[in-house]
Amino acid sequence: MKTDPESFIRANTALGSPPHVPEIRLHLADEAHELWLKTEEELDALGLPPPFWAFAWAGGQGLARHIIDNPGLVEGKSVLDFASGSGLVAIAAKCAGAVSVTAADIDPWSATAARLNAQANGVDFRISQSDLVGTDAGWDVILAGDVFYDQSMTALILPWFSDLARRDALVLIGDPGRSYCPRNGMELLATYMVPVTRALEDSEIKRTSVFRFTA
């Protein structure tokens with residue numbers, strides 16, 4: 001890596017609370033940080049992929065809120081937070097009483113961000129940089145916030161989610177109305193109005209739904 005992730009994260013973010021999950025603290029970038037303004041070309045020059053870990057996306061906020069408000073979904077259970085990003089949903093699961101949590105994201109910068117964010121909240125969980133799509137470690141609960149962002153990703157993960165649901169894992173999805181979110185095989189559990197940053201989304205409030213994957 002051209003840039004040390006931990007040093008970069010500490011220098012280019014500040015500890016703050018996502019508006020819909022104020023009990024959790026994350027290292028977040030905002031308009032006050034240069035990271036917010038960097039183009040993909042500038043990030044590439046630093047050896048830095050797009051910093052999805054630096055923002056609390058609506059799908060993750062809605063899912064984290066639902067877990068905290070309904071701790072029985074994860075309490076005493078083993079949990080996978082897939083495409084974890086900042087680790088927000090993994091932190092929520094741990095705070096809600098999950099016995100073990102794995103935060104999985106193939107972005108190595110996400111691994112560092114999730115570790116720092118876990119420390120900021122006084123929780124501990126396993127961090128995986130492996131591509132876990134298609135695998136099954138016997139998790140009781142799989143949590144996925146804002147994962148239906150493009151067609152190829154959706155096509156990749158839907159069969160995996162189906163396999164996990166068929167063997168009676170609880171697969172929960174947080175989605176803010178992405179175009180590729182499936183309409184079938186999803187049971188609506190809750191809807192939240194999540195404040196987001198206009199520079200990242202097309203509105204300042206995203207209607208975000210939490211679904212149980214059933215197919």
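Because the structure is predicted, anything quoted here is derived from the model rather than measured.

Basis of the calculations
- Residues numbered from 1 in each chain as written.
- Predicted model: local features only at pLDDT ≥ 70, side-chain atom pairs only at ≥ 80, totals over all residues.
- Heavy atoms only, no water.
- 1 Å grid on protein atoms, 1.4 Å probe; cavity = no way out; pocket = protein on both sides within 12 Å on 5 of 7 lines; lining within 4 Å.
- Points joined across faces, edges and corners; volume = space filled by probe spheres on them.
- Helix = DSSP H or I, 4+ residues; strand = E, 2+ residues; numbered from the N terminus.
- Nonpolar A, V, L, I, M, F, W, Y, C, P; charged D, E, K, R; others polar.
- Phe/Tyr/Trp six-rings, centres within 6.5 Å; stacked < 30°, edge-to-face > 60°.
- Buried < 20%, exposed > 50% of the residue type's maximum accessible area, 1.4 Å probe, protein only.
- Salt bridge = Lys/Arg side-chain N within 4 Å of Asp/Glu carboxyl O.

**Thoughts on the layout of surface pockets**
In this structure, the largest pocket spans a volume of roughly 710 Å³. In this structure, the largest pocket is lined by 33 residues; those nearest its centre are Phe52, Ala83, Gly85, Asp105 and Tyr149. If you list the elements that add at least two residues to the lining of the largest pocket, you get α3 (58-69), β3 (78-82), α4 (88-95) and α6 (151-166). Residue composition of the lining of the largest pocket, grouped by class: 19 nonpolar, eight polar and six charged.

**Describing the packing of aromatic side chains**
According to the stated counting rule, one finds nine aromatic pairs in the structure shown. Their ring planes at 70 degrees and their centres at 5.7 Å tell us that Phe161 and Phe213 sit as a pair that is edge-to-face. Linking Phe161 in helix α6 with Phe213 in strand β9 (residues 205-213), this pair joins segments that are 52 residues apart in sequence. By relative accessible area, Phe161 is classed as buried at 0%. Grouping aromatic residues by their ring pairs yields a cluster made of Phe82, Phe148, Trp160, Phe161 and Phe213.

**So, the pattern of salt bridges**
Side chains carrying opposite charge are able to pair once their charged atoms draw close together. This structure, assessed with the given rule, holds eight salt bridges. A salt bridge links Asp136 to Arg167; the nearest nitrogen and oxygen atoms lie 2.6 Å apart. One end of the pair, Asp136, is in the loop between β5 (126-128) and β6 (141-145); the other, Arg167, is in the loop between α6 and β7 (170-175), with 31 residues separating them in the sequence. On the accessibility criterion, Asp136 (43% relative accessible area) is partly exposed. Notably, a salt bridge pairs Asp146 with Arg178, separated by 2.8 Å at the nearest N-O pair. Taken as a pair, Asp146 in the loop between β6 and α6 and Arg178 in the loop between β7 and β8 (186-195) lie far apart in primary sequence, 32 residues in all. What emerges from the salt-bridge pattern is a single network uniting Glu6, Arg10 and Arg115.

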